[in-house]
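# Architecture at a glance
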Amino acid sequence: MRDDQVPICMVTAYSYPQGLHADLADMDIVLVGDSLAMVELGHETTQYVTLEEMLHHCRAVARGCRRALLVGDMPFGSCEIGLSEALRNVTRMIREGSVQAVKIEGGKRLSPVIDACVQSLGVAVMGHIGLRPQSVSARGGFRPYGTNAVEAAQLLEDALALQEAGAFALVLECVPERLAIAVTTALRIPTIGIGSGVGTSGQVLVYHDLCGMMTHPHHAKVTPKFCRRFAEAGAEIHRGLVDYRSAVKQRLFPSAAYTPYQLDDREWERFG
Ligand code: KIV
Ligand code: NA
């Protein structure tokens, strides 16, 4: 698709129905992102999601998503502590998570891990550079990356190193558009952008952001600047729940139409 200049479309999913919806919408790639921590589990950063939790959600998505390439995020700390630990955790994602490939966040320092995954284990690895949510601590928050010449040079160096290590694609998160284009041009593997402009080989968005799920009036987390809301699912869910509650309180639900189980007169008399 990269070579044919057909944009690759990727979306995240965290549950069986979300995996099903993504597949029905003909997505090319479905990612069980560690953004699970924030959009589904309510944590402040992605650092809090465990491998066990990722496995649980990956399996659910896999039951719904049968056609798209299914990629699972390696969570914070699962690939950084040592090579054997990383290989063990990647093995679990494939075997117990039912994903077809993994994504590992990090720059060229992660090259030995990616090389071992691809060459020793035979597992396809997607890289992830630019804004790296797992590194918010050292980076001092969620900030775009590559906005000065030093960072831009580092990003290109990381991209080339990860390609060399055997990554089959790279996510570029919150990278300035012209830098994302320069990196895409320098590589022979596809780039999947998020908040990085239209010049990458593909795009990825978080399910909840694009569907407008997190628009609850009391919810502090807002839709990111770069994310277009393609639906207002949150507003629709809110409307449904409020209507349901109101119908119950007024005894308008369940009406006769929704009361299917009856005891006929004869049986009722026998019952006494
Ligand atoms: O966890 C996630 O959702 C991601 C995508 C934004 C690429 O890593
Ligand atoms: Na992620």
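Reading guide: rules and limits
Residues numbered from 1 in each chain as written. Chains lettered and ligands numbered in written order. Predicted model: local features only at pLDDT ≥ 70, side-chain atom pairs only at ≥ 80, totals over all residues. Helix = DSSP H or I, 4+ residues; strand = E, 2+ residues; numbered from the N terminus. Contact = placed C-beta atoms within 7 Å. Expected span 1.5 Å × (residues − 1). Buried ≥ 20, exposed ≤ 12 C-beta atoms within 10 Å, placed from the backbone. Pairing = 2+ DSSP bridges. Axes fitted to C-alpha atoms, helices over the stretch in contact; angles between N-to-C directions. Core = buried A, V, L, I, M, F, W, Y, C linked by C-beta atoms within 7 Å. Arc of directions from axis to C-beta. Parallel < 35°, antiparallel > 145°, perpendicular 65-115°, else oblique. Left-handed = near helix turned anticlockwise from the far one by under 90°. Right-handed = clockwise from strand over helix to strand, strands pointing away. Nonpolar A, V, L, I, M, F, W, Y, C, P; charged D, E, K, R; others polar.

### Focus on the overall build of the chain
Per the secondary structure count, the chain includes 11 helices and 8 strands. In terms of overall dimensions, the chain has C-alpha extents of about 85 × 40 × 35 Å along its principal axes. Counted over contacts in the chain with a minimum sequence separation of 6, partners at least 24 positions apart contribute 56%.

### Overview of helix 3 (residues 51–64)
For helix 3, spanning 14 residues, the distance from its first C-alpha to its last is 20 Å, which sits close to the expected 20 Å at 1.5 Å a residue. All of the buried residues along helix 3 are M54, L55, H57, C58, A60, V61 and A62.

### Brief notes about the sheet that holds strand 6 (residues 169–173)
Strand order in the closed barrel made by the 8 strands is 1-2-3-4-5-6-7-8, with parallel pairing throughout. Along the sheet, successive strands turn relative to each other by an average axial angle of 25°, direction set aside. One ladder, built from 2 bridges, connects strand 7 (residues 191–194) with strand 8 (residues 202–205); its direction is parallel. The residue of strand 8 that forms the bridge with G193 is Q203.

### Focus on the nonpolar core
By size, the foremost hydrophobic cluster in this structure holds 66 residues, and its most contacted members are V30, V61 and V102. Among the elements that take part in this core, helix 3 stands out by supplying 6 residues, more than any other.

### A word on helix 5 (residues 111–121)
Burial in helix 5 covers these residues: V113, I114 and C117. Down the axis of helix 5, the smallest arc covering the buried residues is 100°, so these residues share one side. Facing away from the buried side of helix 5, by more than 90 degrees, are the exposed residues P112, Q119 and S120. Positive phi shows up at G122, right after helix 5, with a value of about 75°.

### Quick notes on the packing of helix 5 against helix 7 (residues 149–165)
Contact geometry for helix 5 and helix 7: axes closest at 8 Å, N-to-C directions at 25°. With respect to their mutual orientation, helix 5 and helix 7 come out roughly parallel. When you trace helix 5 past helix 7, the crossing you get is right-handed. Residues S111, I114 and D115 of helix 5 form the contact with helix 7, whose participating residues are A161, L162 and A165.

### Observations regarding the pairing of strand 1 (residues 8–12)
The buried fraction of strand 1 amounts to 4 of the 5 residues, a majority that puts the element mostly inside the structure. Direction of pairing for strand 1 relative to strand 8: parallel, over a ladder of 4 bridges. Following the sheet pairing, M10 is matched in strand 8 by V204. Here strand 1 pairs with strand 2 (residues 29–32) via 3 bridges, running parallel. Among the inter-strand pairings, M10 is bridged to a residue of strand 2, identified as I29. For the crossover from strand 1 across helix 1 (residues 16–24) to strand 2, the handedness is right-handed.

### Let's talk about unusual backbone geometry
Residue P254 is bonded to the preceding F253 through a cis peptide linkage, with omega at 0°. Although it is not a glycine, D26 sits at a positive phi angle of roughly 70°. Along the chain, D26 falls in the loop between helix 1 and strand 2. The exposure class assigned to D26 is exposed, which follows from the 9 C-beta atoms found within 10 Å.

### Observations concerning the pairing of strand 2
The two faces of the sheet receive side chains in turn, since in a regular strand these alternate between them. What you see with strand 2 is no split at all: I29 and L31 on one side and V30 and V32 on the other are buried throughout. By the bridge criterion, 4 bridges tie strand 2 to strand 3 (residues 69–73) in an arrangement that is parallel. Bridged to L31 within strand 3 is V71.

### Quick look at the environment of F226
With respect to the secondary-structure elements, F226 resides in the loop between helix 9 (207–210) and helix 10 (233–249). Separated by 32 residues in the primary sequence, F226 and I194 have C-alpha atoms spaced 7.7 Å apart.

### Section: the packing of helix 4 (residues 83–97) against helix 5
Viewed as axis vectors pointing N to C, helix 4 and helix 5 meet at an angle of 55°, and their least axial separation amounts to 10 Å. Taken as axis vectors, helix 4 and helix 5 run oblique relative to one another. Like other packed secondary-structure pairs, helix 4 and helix 5 cross with a definite hand, here right-handed. Two secondary-structure elements touch here, helix 4 through L83, A86, L87, V90 and T91 and helix 5 through P112, V113, A116, C117, S120 and L121. Here the contact of helix 4 with helix 5 is built from residues that sort into 9 nonpolar, 2 polar and no charged.

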